[in-house]
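# Analysis of the macromolecular model
Each chain is listed here by its residues.
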Protein chains: 2
Amino acid sequence: MGFELDNRKKRILQAVIKDYITTAEPVGSRTIARKYGLGVSPATIRNEMADLEEMGFLEQPHTSAGRIPTERGYRYYVDCLMQKEELSFNEEDLIQREYRSKIDDVGQVIHITGQLLSQLTSYTAVVQKPKMGFSSFKNIQLIGMDKERAILIAVMDNGIVQHRMIEVPGSITGNDLAAISAVLNAKLSGFTMESIKNTLIKEIYIELARYRRTLDMVLDVLRFSLASDNDDKIYLGGLFNILNQPEFQNVEKLKTLLGLLEQENLLSNLMAADPSASGVTVRIGGEISYQGMQDCSMVMAIYGVKGQTIGSLGVLGPTRMDYAKVISVVEYMTRKLSFALENIFKGLVDKEVRF
Amino acid sequence: MGFELDNRKKRILQAVIKDYITTAEPVGSRTIARKYGLGVSPATIRNEMADLEEMGFLEQPHTSAGRIPTERGYRYYVDCLMQKEELSFNEEDLIQREYRSKIDDVGQVIHITGQLLSQLTSYTAVVQKPKMGFSSFKNIQLIGMDKERAILIAVMDNGIVQHRMIEVPGSITGNDLAAISAVLNAKLSGFTMESIKNTLIKEIYIELARYRRTLDMVLDVLRFSLASDNDDKIYLGGLFNILNQPEFQNVEKLKTLLGLLEQENLLSNLMAADPSASGVTVRIGGEISYQGMQDCSMVMAIYGVKGQTIGSLGVLGPTRMDYAKVISVVEYMTRKLSFALENIFKGLVDKEVRF
DNA sequence: GTTAGCACTCCCATATATTGAGTGCTAACA
DNA sequence: TGTTAGCACTCAATATATGGGAGTGCTAAC
């Protein structure tokens, strides 16, 4: 990064990148001179572009074509040249309206966020669902279904409701289930999944010694199955926007990329691999180290509540992506999402709790 | 259908279709003579093919190409020529294994069914989720979240659990919610959403006169929101199998088709438009009356419990589809799915109910 | 340092063979 | 009368020229 480019080189690099982002065609000196008034002739621009190529910011697909940015060019653009693009009034208004109606449910908030991200950028949105680790139990119910089965329902303080069918001994009655529910509620509500301690579990076992077999299953589900269920789940929005990108008109490429995006765990890694950075992170081309995503860039950020990171969200598009726009949108939506979740949690934590 | 083809024509038509299904290339007389031992020369086959073309069963993409089947050709094949292809032991075993583990939950059963359908056929599976109209309430819970909100949880007798956040007056306490829940359970459990009668509702209002405002919301959700939620929802499996079909190597076509498949309501119509037929229905090309799906065929069937239709499932592929295989798979999976659901319901209805 | 001019490169679109799979027709054969 | 060998014909698909045209690098003049 130590490089400093003189002013004219910067303006030319910026012009090339901007033009390439909109046209997806290699950019020639003539175009720059015509469209971007730099007050110099194409010949001069050619000289400068040759320099920029030597420095590794631009490249030529072939000898007699215009220039396209290298990954390094994009990187420099993102770090030094680009100016953020504020959202328009209409866009902010759209966001406001979409959020207003669905503000109660975590799932819906995630869904809307993904849709807006993809809609506003025309790329593909990737939103990690909130990690459950930090949310605490609000209510636990065991409901009998038939002689050998019951449904365990857990309501979390972030409004997420999860349920699992579990098998129980035939001898257990509806009253037994109610008794177990009562104790579980008394002991566990307010605690996060992660913070269920052994002492607590011992207490429960003592109090419900009779139901050992059933408890084994219930606690297992509560501690491991439910917790891991939502983690690593990913919402994809605007997947088919990919089809509109000229770099993916080739079906083979499409197949590779869609194949990758199908693998949730891969996406999960992609979204997780960013422990240090704060704010918006941009990964360009090869900086994403997955085979088959070399032509893509990812703009992502982490969201959270009360300083706690609970997930991340981002936009995936071709390296030739409108970074200025996308970064602004991701930044804005991250704030929006964090705020919305904060609200859901606050409503639940600060106010009087009733049951 | 009044047509009768002589035996040799039948065999030739069958050969052309089979070959075209596997190769996706127009089939010439020579190929037929070589690969399918009919004991006649290419010249004879040419004559026959010319006849079949005149009758509308075959066509030529251009003068000097081989023949491909027309929609009418496929139709005749499906109705008269094709012989069903039994599933292999491995396939049946796979199905058995996949079903075994996830047999408890309706959602999971649907999911597995879709996956298997697409996996076994290499096409795209379309599975309508079960209509809720026929399932009855098993348990209803209102759980307070904060001062103004509560979660309504409804467990249905088919194991589906649904929930909604609702707003309640700030004056309502946890005890109030419990009281409401108790009455709702007493009055409604065992009833289907569709059969909640006005007399029943009146009874509830009388018993819970104090909670009028809250009840309005709750009953509204129970009767309309929850019921309609699951209906018309569609699970798509193996969507990206489309990318492997040679007829969809063109990105424009892909975009059109995927665009259609994104619209749930359209799919829903597609799956619903089959009131009379029993067993497996095959719609070929233009028989699907949606713009942009002319090159597709659909093999579908309805599934149900105790003679009641509660949904449908199918496989969508190019008109050049392996009908013999697909029809067998759809038939088999329909039985499997109905059986699995039957089991879930039976478990819940016949056995002693506990709460 | 900038720019006009010019030769050069190489993609792309168009036109022009060439090939080959497959046909329809005819005439001979069983 | 049905079947088949033979042959001329058709036409997509594949290669093979051909002519721009967009863009470059270099040189020399300003």
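Residues numbered from 1 in each chain as written. Chains lettered and ligands numbered in written order. Predicted model: local features only at pLDDT ≥ 70, side-chain atom pairs only at ≥ 80, totals over all residues. Heavy atoms only, no water.

Turning to the relation of the copies chain A and chain B, a few remarks are in order. To go from the first copy of the chain to the second, apply a rotation about an axis and then a shift along the same axis. Placing chain A over chain B gives an RMSD of 0.1 Å and needs a rotation angle of 180 degrees, together with 0.0 Å of translation along the axis. The symmetry that links the two subunits is that of a two-fold axis. Taking the C-alpha atom as reference, chain A places Val 251 of chain A closest to the rotation axis, 3.4 Å from it. An overlap of 100% is found between the interface residues of chain A and their copies at the interface of chain B, pointing to a shared contact surface. (Least-squares fit on C-alpha atoms with pLDDT ≥ 70 in both. Contact = heavy atoms within 4.5 Å.)

The next thing to look at is the pattern of salt bridges. All names here are of chain B. Under the defined criterion, the tally for this structure stands at 34 salt bridges over all chains. A salt bridge links Glu 53 to Arg 67; its shortest N-O distance comes to 2.8 Å. Of this pair, Glu 53 sits in helix H3 (residues 42-54) while Arg 67 sits in the loop between strand S1 (58-59) and strand S2 (68-69), placing them 14 residues apart in sequence. The residue Lys 187 makes a salt bridge to Glu 203 at a minimum N-O spacing of 2.8 Å. Of this pair, Lys 187 sits in helix H7 (residues 174-188) while Glu 203 sits in helix H8 (residues 198-207); the two residues are 16 residues apart in sequence, bridging distant segments of the chain. Of the residues examined, Glu 203 reaches a relative accessible area of 36% and is grouped as partly exposed. (Salt bridge = Lys/Arg side-chain N within 4 Å of Asp/Glu carboxyl O. Helix = DSSP H or I, 4+ residues; strand = E, 2+ residues; numbered from the N terminus. Buried < 20%, exposed > 50% of the residue type's maximum accessible area, 1.4 Å probe, protein only.)

Under the counting rule described, the total for this entry stands at four aromatic pairs over all chains. Looking at Arg 72 of chain A, its charged tip hangs above the ring of Phe 57 of chain A, at a distance of 5.2 Å from the centre. (Phe/Tyr/Trp six-rings, centres within 6.5 Å; stacked < 30°, edge-to-face > 60°. Lys NZ or Arg CZ within 6 Å of the ring centre and 35° of its normal.)

For the rest of this paragraph, the subject is the interface of chain A and chain B. Counting from both sides, the interface comprises 46 residues of chain A and, opposite them, 47 residues of chain B. Counting the surface lost from both chain A and chain B, the interface buries some 4100 Å², and carbon and sulfur atoms represent 62% of this. On the surface where chain A and chain B come into contact, there are zero salt bridges. If you list the elements that add at least two residues to the side of chain A that touches chain B, you get strand S4 (137-146), strand S5 (149-156), strand S6 (161-167), helix H7 (174-188), helix H10 (251-262) and helix H12 (323-349) of chain A. Looking at the side of chain A that touches chain B, the element that brings in the most residues is S4 of chain A, giving seven residues. Tallied by class, the residues present in the side of chain A that touches chain B amount to 21 nonpolar, eleven polar and 14 charged. (Buried area = accessible area lost by both parts, 1.4 Å probe. Nonpolar A, V, L, I, M, F, W, Y, C, P; charged D, E, K, R; others polar.)

Residue and element names in this part refer to chain A. Running from amino to carboxyl end, helix H1 (residues 7-23) crosses helix H3 (residues 42-54) at an angle of 85 degrees, the nearest separation of the two axes being 10 Å. As the angle between them shows, H1 and H3 are arranged roughly perpendicular. Taking contact as the criterion, the partners of Arg 8, Lys 9, Ile 12, Leu 13 and Val 16 in H1 are, on H3, Thr 44, Ile 45, Glu 48, Met 49, Asp 51 and Leu 52. (Axes fitted to C-alpha atoms, helices over the stretch in contact; angles between N-to-C directions. Parallel < 35°, antiparallel > 145°, perpendicular 65-115°, else oblique.)

Moving on, we get to the domain arrangement of chain A. Its domain assignment divides chain A into domain 1 (7-81), domain 2 (89-131 + 233-349) and domain 3 (137-230). Put simply, the middle of domain 2 of chain A and the middle of domain 3 of chain A, counted by C-alpha atoms, are 34 Å apart. (Domains from an automatic or database assignment.)

The next thing to look at is the protein's contact with DNA strand D. Neighbouring DNA strand D are 21 residues, the closest being Ser 29 and Arg 67 of chain A together with Arg 8, Thr 44 and Ser 64 of chain B. Here DNA strand D approaches the protein such that, of its atoms within 4 Å, sugar and phosphate make up 77%. Measuring from a sugar or linking oxygen of DNA strand D, one finds a backbone N or O atom of Ser 64 of chain A at 3.5 Å. Of all elements in the fold, only H3 of chain A together with H3 of chain B reach the threshold of two or more residues within the surface near DNA strand D. The element best represented in the surface near DNA strand D is H3 of chain B, accounting for four residues. Considered class by class, the residues forming the surface near DNA strand D number four nonpolar, 13 polar and four charged. (Near = heavy atom within 4 Å. Polar contact = N/O pair within 3.5 Å; in protein donor to acceptor, adjacent residues only side chain to side chain.)

This paragraph deals with the sheet that holds strand S6 (residues 161-167) of chain B. Adjacent strands of a sheet form backbone hydrogen bonds with each other and so pair up, either parallel or antiparallel. All names here are of chain B. Strand order across the open sheet formed by three strands is S4-S5-S6, with antiparallel pairing between neighbours. Single-partner strands in this sheet number two, and they are strand S4 (137-146) and S6. Ignoring strand direction, the axes of neighbouring strands in this sheet form an average angle of 20 degrees. As judged from the seven bridges shared by strand S5 (residues 149-156) and S6, these two strands associate in the antiparallel manner. Bridged to Arg 149 within S6 is Glu 167. (Pairing = 2+ DSSP bridges.)

With phi around 65 degrees, Ala 24 of chain A is a residue other than glycine that occupies positive phi space. As for its placement among the helices and strands, Ala 24 of chain A is situated in the loop between H1 and helix H2 (29-35). One non-glycine residue, Ser 122 of chain B, lies in positive phi territory at about 65 degrees. The topology assignment puts Ser 122 of chain B in the loop between helix H6 (106-121) and strand S3 (124-128).

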